[in-house]
Structure formats: C-alpha cells, structure tokens
Amino acid sequence: MDFWRIVSPELQDQTLISGHHHHLICFAAVALAVLAAAVTLPVSERFTTTRGPLRYLWLMTGSIAMGTGIWAMHFTSMLAYSLPFPVHYDISLTIISMFPALLAGYSSIRLFASARNCRRHLHLAALLLASGIAAMHYIGMEAIAAPAKMYYSPGLFLLSIATAYLLSWAGLCSRISLPGKIRLSPAIATLIGSAVLGLAISAMHFIAMAATYFIATPAELTEGTFIDPPGLVVAILAVTFVLLSLLSIGILVDRHLARMAISLRSSEVRFQRLAETTQAAIFTFVDGRITYANPALSHITDHSIDALSSMSLEELFGEKFVHYVSQIPWADTKVGQPFYEQFQITTATGQQRWLYFSLTLAEFDQQSSVLVSACDISEQKLAEFKMRNLAYSDQLTGLANRALFMDRLEHHLKLLGRRSSETLSIVMLLDLDNFKLINDTYGHVLGDQLLSSVAQRVRELARKSDTLARLGGDEFVMLFEKVDSLNYAGRIADRLVESLSAPYFLSGKKVDVKVSMGMVVLDPDNHSTQDQVLHDADVALYRAKHQGRACWVLFDQQMDAMIKRGRQLQAELKAAIAEDKLELYYQPIVAAGDHQLCGFESLARWRRENGEWVSPLEFIALAEESGMIADIGLWGIETACRQIGLWNRSHAGVEYYISVNIASDSFGDERFARCISDCFQRHGVRRGQLKLELTERILLGDTDNMLDKLHKLIELGCEVMIDDFGTGYSSLSYLHLLPVGAMKIDRSFVQNLNQSNSSLSVVRTIIALARSLGLGIVAEGVETGEQAGQLAALGAAQLQGYFFGRPVAAEEAVGFFRTAGEAEVNREG
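Residues numbered from 1 in each chain as written. Predicted model: local features only at pLDDT ≥ 70, side-chain atom pairs only at ≥ 80, totals over all residues. Heavy atoms only, no water.

Undergrad: Quick one: what's the story with the packing of helix 21 (residues 629-650) against helix 23 (residues 672-683), residue by residue and with numbers?
TA: Where helix 21 meets helix 23, the axes come as close as 9 Å, and the angle between the chain directions of the two elements is 15°. Between helix 21 and helix 23, the angle is such that the two are roughly parallel. Handedness of the helix 21/helix 23 crossing: right-handed. Residue-level inspection shows Leu634, Ile637, Glu638, Cys641, Arg642, Gly645 and Arg649 of helix 21 in contact with helix 23, the latter providing Phe672, Cys675, Ile676, Cys679, Arg682 and His683. Among the residues making up the contact of helix 21 with helix 23, the classes are represented as seven nonpolar, two polar and four charged. (Axes fitted to C-alpha atoms, helices over the stretch in contact; angles between N-to-C directions. Helix = DSSP H or I, 4+ residues; strand = E, 2+ residues; numbered from the N terminus. Parallel < 35°, antiparallel > 145°, perpendicular 65-115°, else oblique. Left-handed = near helix turned anticlockwise from the far one by under 90°. Contact = heavy atoms within 4.5 Å. Nonpolar A, V, L, I, M, F, W, Y, C, P; charged D, E, K, R; others polar.)

Undergrad: Could you give an account of unusual backbone geometry, with specific residues and numbers?
TA: Phi is positive for Ser507, which is not a glycine, with a value near 50°. Ser507 gets classed as exposed once you look at its relative accessible area, which sits at 51%. Of note in the backbone geometry, Asp580 takes a positive phi value of approximately 60° without being a glycine. Take Asp580: it is sitting in the loop between helix 19 (557-578) and strand 20 (582-591). (Buried < 20%, exposed > 50% of the residue type's maximum accessible area, 1.4 Å probe, protein only.)

Undergrad: Account for the layout of surface pockets, naming residues and giving values.
TA: Space inside the largest pocket adds up to approximately 1,400 Å³. In terms of lining, the largest pocket is formed by 41 residues, of which the most central are Leu603, Ile620, Glu624, Asn661 and Asp723. (1 Å grid on protein atoms, 1.4 Å probe; cavity = no way out; pocket = protein on both sides within 12 Å on 5 of 7 lines; lining within 4 Å. Points joined across faces, edges and corners; volume = space filled by probe spheres on them.)

Undergrad: I'd like a rundown of the side chain of His527, residues and numbers included.
TA: Checked against the element boundaries, His527 lands in the loop between strand 18 (515-521) and helix 18 (530-546). Within the local environment of His527, its side chain forms a polar contact with the side chain of Asp536, the two groups lying 2.8 Å apart. The contacts of His527, once residues within four sequence positions are left out, are Leu413, Val520, Val521, Leu522, Gln532, Val533 and Asp536. (Polar contact = N/O pair within 3.5 Å; in protein donor to acceptor, adjacent residues only side chain to side chain.)

Undergrad: I'd like to hear about the sheet that holds strand 18, residue by residue, with values.
TA: An order of 14-15-13-18-19 is seen for the five strands of this open sheet, with the pairing classed as mixed. Because the sheet does not close on itself, it has two edges, and the strands there are strand 14 (467-472) and strand 19 (552-554). For this sheet the average axis-to-axis angle between neighbouring strands, irrespective of direction, equals 20°. Pairing of strand 13 (residues 424-432) with strand 15 (residues 475-483) involves seven bridges; the strand directions are antiparallel. Within strand 15, the residue paired with Leu429 across the bridge is Val477. Its contacts with the sheet place helix 17 (residues 486-500) against strand 13, strand 15, strand 18 and strand 19, and it is angled at close to 20° to strand 13. (Pairing = 2+ DSSP bridges.)

Here it is, written out as structure tokens:
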C-alpha cells in the first residue's frame, strides 16, 4: 500500500471521482460485522474459562469468526459501493487482506482473558483489533483494479483508525463491565458488546470509504488474476456460510455448556451446602498444606478456619498421619482411587479424638490434590474399648480376665516354641487363704474391696510388660515373660507373699489375710497348651497350701506325680465308700493295772483294687479335702455298731466297747445323731458300748450348740472322749461343763516320756486334771513295758498301743477276747 497517496483533495487539480453506497446492502454488511462479534465474544468467554486442549479449539474458532466477519463485512460493503467505471479485484490481495483480520481476532481473544483484571490489556486488545480492522480494510482496498487512481483524505483516514480503536474498546469494555454495574444478564451484555464491536468494524469501513476518492487515468489493467463482482459475491456468500455455521455451532455448544455450567454450579452449590453442613470433615491439601477445609474440620480439631490454612498436616493430625500419607504411591495411583485409615489426633484443646480418613487423589484447576474426608469415630472407639474391656477385663479389679490371660499365654507359648531364649518365663498362681471365711464374716462388699486391694498391690509389684489377671473368685495369675533367673523369680514371689499378706484396712476394719502361691517355669517341651501351664501352677499352689499356707512353691514333675496320685485315689475312695469296700480295724485298749481288755479303737483301713494298702494319713486327708469325711464317719459308726451287735450275740456277757474317731464334718452332719440312734436300735448296742472320740477343736467350737449335741448323744447311749488331749487349745473354764467321760493322752507325750521331763510333766498334769474332773484317762501310743508301767504308776486308767496289739480285722480281734478270758481264769486260779 502506497501511503504517499494520502493526499488532501484540496491539493488535487484534477477531477475527483467518488462513489456512493446502496444502503440495503450496507445494512447487510453491518449485520455481518455484528454477527462476527456475536460469535467472537462468547468464544472469548469459553477460551477464558476452559482448560486443556479444548481451549485452543475455542481460540481458533473465535479467530476465524472475527477475521472472516471483518473480511466479509468489508467486501459486502464494497459490493454496495458504486463507481462510474468498471471495478475488478485482485485475488491475491483479496485473500491476503483476510490475514490481518484473523490476527486481530486471535490477539484480541488472547488478551480478552486478562483484560478483566488489567485495563492496560483491555486497551491493548482494542488497539490490536482496530489495527487489524484497518489493515484488512486498506489492504482490501489495494485489491481494487480500475481505470482510476485511488487517494485518501488524511483527516478521514486517521479518523477511521481512531474510530475503530474507540469503538473496539467500548465493545470489549461493555461486555466486561456492564453486567457488574447495571446487573445485566451475560446474554444482554454479549448482545450490546457485539453491536458495539460490529459498529466499530462498520464505522471504520464507512469513514475510510468517505476518505477515499479517485482520479481517472487512461491506464489499462495490469497483468494478474482478478475477480469480478459476481465472483466476489460467491466468495462473500461462502465466508458468510462459514460464519453462520460457526455461529450455529457456537450457539449450540454455548447452550450445552450453559446447561452444563448451570448443572455444575448447582452441583457446586449442593456440594458446598453439604460440605458446610455435614458433620464429616472435608478438606484438600497439596504438598502438606491444606488448601480447602469445611467448617466441620474446624469443629473436630478445635482450630479456626484461618488457623487451618496456615497449619501443616503434621501439626494438625500428627506424625503418624503424615507418614501414612507419604507411604501412599501417589505416582501410581489413579484419580479417584480411595485409601482408608484411622488415626488418633490431639485437638487444639488437648482432647484425644479418633478420626476415620478417606483419602482420594483428585485434580482441581489442572493441579493434583488430595481430597480427604474424616469422620469422628471417638464414640465408636470408646464403645469398642468398653466392649473389649467387658470381654477381656475383670470388672471388679480392672485386671485382665481369664479369656485375655489365656490368649496372651497361648501367644507366648507359641513364641517360646519358635525361638530359644536365655531368659525364663514364669507363671505364678495365687489365691487368698480362707477367703470364704472373710466373706462370711465381713460380707461380700468388704470381700470385693479386699480383692480390689490385692489387685492394686499386685500392680505395684509387677512390671508393665507383665500380664496380671484374675481368674475368678480369689484366684489371681501372673505371667512374667522375661525373668533373668529362678533366684530373681523367687525374690518376686517373696515380695508378693510379703506384700499381699500385710494387713488391709477396709471400711474402718483391719483385715488379716494370707496368700499361697504356686509357680511354674514355662517349658515348651512340657507346656504346649495353656491348660497344662495352669494345671502345673495349680499343683504347686495345692502343695503350698499343704505346707502351711502364706508361702510359695515351685512346681516340679515329682510333685505332679503326687498330685495325680491324689486325684486318682480320691476318685477310687469315693467309689470304695459307695461300694462299702473300706474296712474297720480294731486296736485293743486294756486296763493299766492288769492289762485286761476294755475295748477297741476302730481305725479305718483301705485296700485298693490293685492290692495296695493306702495309709490312713493319706486317704483320710483326701477325704477331708474332698468332703467325703462325713460319709466315712457315718460308715464307721454303722460298721462299729454292727460289729458290737455281732460280738454281743456271739459272746454273751461281753461288755467291750468300740471307740470311733469323729471328724468335725461328721459331727456337724445333720444325719449324725439319727444314724447313731438307728444303729443302736438295729444292732442292739447297749449304753456305753459306743464311744465317740472328739478333738478339743471340735468340742470348743460353738459352745451352746455343742452342749446340746453332746447331751443328746449321751441320752442315746454314747460316751464322749476327748481325743489327743494336750495338743490343742483347751479352755479349762469351759472344760468342766462338757459331759465327757474320758481323756486320751496323745501319743507324742507318751513316746517322749523317758526322754523329756516336759512330756512327763504334761502327762502328770493331764492325769491330775482328769482326776479332779472325775474323768477317765486313756494313754495311747504305748510301745514298751516301761512306758506301760510308768503310765500305770502315774494313774492312767487304760492303755493303748503296739505293746498290747496292733490294729487287726474283726475276725482277728476275737483273739483278744480269748487272751482276756485266759488271763481272767489265771487270775481267779
């Protein structure tokens, strides 16, 4: 373009030629300009809000719409422009003229995205658009081929460019600013902006055409390719079709996107309301910093929303949470894949809360972020803890219960089986001696207090790694997993026995209680199950109680064999009592002076099925432990009375008696007196033939009831003897009230009669006491003639012991009758 043709008409001395426009076609041209702007502005909005490859598709569409619209408007207007000479258009320049318009559309759309926030960008966009419109127009004018030379009036030329700039700025500004200032809808604002931009394009064209004038020349058309106006019409129609197509597509797409935007906005509103009202915390974070948080997170953590935005994840949720997040392979994680975990956090007020987290990788604004929801499960955790506490702890003492102890013991046994260790593992089983008596004496409330106090003392002596449990009742058990040596275990046991046996002060009362304890060393070869461990500990505890209580015993295999024998004997003894397989043996009791037979002491004997004779000390103790001693006592009375009846019938005139040892359980049995009455009647037992040997402990029990029972037994025809006198605690003030007939001096005093002056003094004192009370004296355990002579000299009435005869069966006891009869004949002769 030759700008030297910008010449004022006043300077021309030749005839000036100007054209004129057909108004109808001009209106069509303006409509094309407005249409181009109407496509470009919404496309610019989409370009601004869209991310990704689709953004550049909108940029290309808008550039083509704007560029082709400007070009179509120009050449449509040129069709409406009439000159007095034929006009043709150079195809090359016609096509080239479109590129400035395309570049103008491209530049203005790119700058439109930032023009909202930057006025300088808005002016630059308007300037580039105006420059493109002007460049397209004046290059397009150079495409005119006619027999005339074209000139521009300088003033109108500059005005056309200025008008394009000002109206372009006004169009862009109206689209950006009007909705916020006068509350216009986006569609109305777009329509106004399109009209102003279309006016900018049209005004620039028509002012530029007003600046144009021609001077006729005789020149012919130069060589080149030209297009006639009809061809230009076809080109304009093609461009218009493209523009209308883009407009239609833009409208359809815009409507679809508008619906999507409305739906998205509605979803955003619903999500925002949900996020703001839900009790679950929802937040996002990037690089360990929170980028969004709903009010629930502030409520759960007790931190303000403002404080949350400045806190790191570690400050808010702790190191364990951050470590968990760092272990998630985010690089290999698909968007939307969730991860679940729960953590305990400390709130701003110092409270401990449990949260259940769901973490999901998401993308926001083309940036990877982690979307997290967190629910407060503190109440659920508390409920779980309470349920576990109910299932695995003792509610009275707070210690572990049997179920939890057995579980830990099983786990530890498996661990011992898999590895060897130089340290020992110990199980200690203890219970309180005579706890039932304490319960009966003070009541169950104080008994529970005692158990709780015992548990507390055990806790104070145990380590945190030890397992302490209450198995039930007054039985406690401890698992010590790592003990350096048996000596160390012994020191632990000593401290436990000492501490637990110290007095307890409960509800203003002093309570004395002792503990017995069994200890077992865990051995994988012998202990494959928990029951085996507790069995061995129970065996040791049983032995501790029999060693005098308030002590502890370490289990060994020999002890286990003894306990197993005891249990076997206990079962066989029960069957022997039921099947009447016990035997009653009789040891003679003779007069101290002439050794004449006075009667027998009956002694129970038991022979097992295998022929073994079980010691009375062994099976009587088993009977007392198992509660079978009362049945043995009743059996002894029945058997003794039956034997007395047999002897009465077979040896007329014989007045020998049989004494029966009575245990406290037998004496307290409600069947006892009835059994004696029935036996006297059925077997014809005469008064004084059945004597009952009772210990001092029995006789000095419940004094009021005791006297009533003794008098009733005497009324039935029995006589009462105090057995083993001198070995227990006697109340002399009470002794004279008892309706007893004789005392038996314990064998321990008789055996030491020659070796101990104290024994001689005790025997002398007992005999003197018996005489003062009018009681007979029977000395048992006489094994030598010297002992017999001494006892006779001291005043003993009757003697008993191996010196006169061992206990024998009833058939052999008859032999003592003959011996006594022969002695009587010899004495009379």
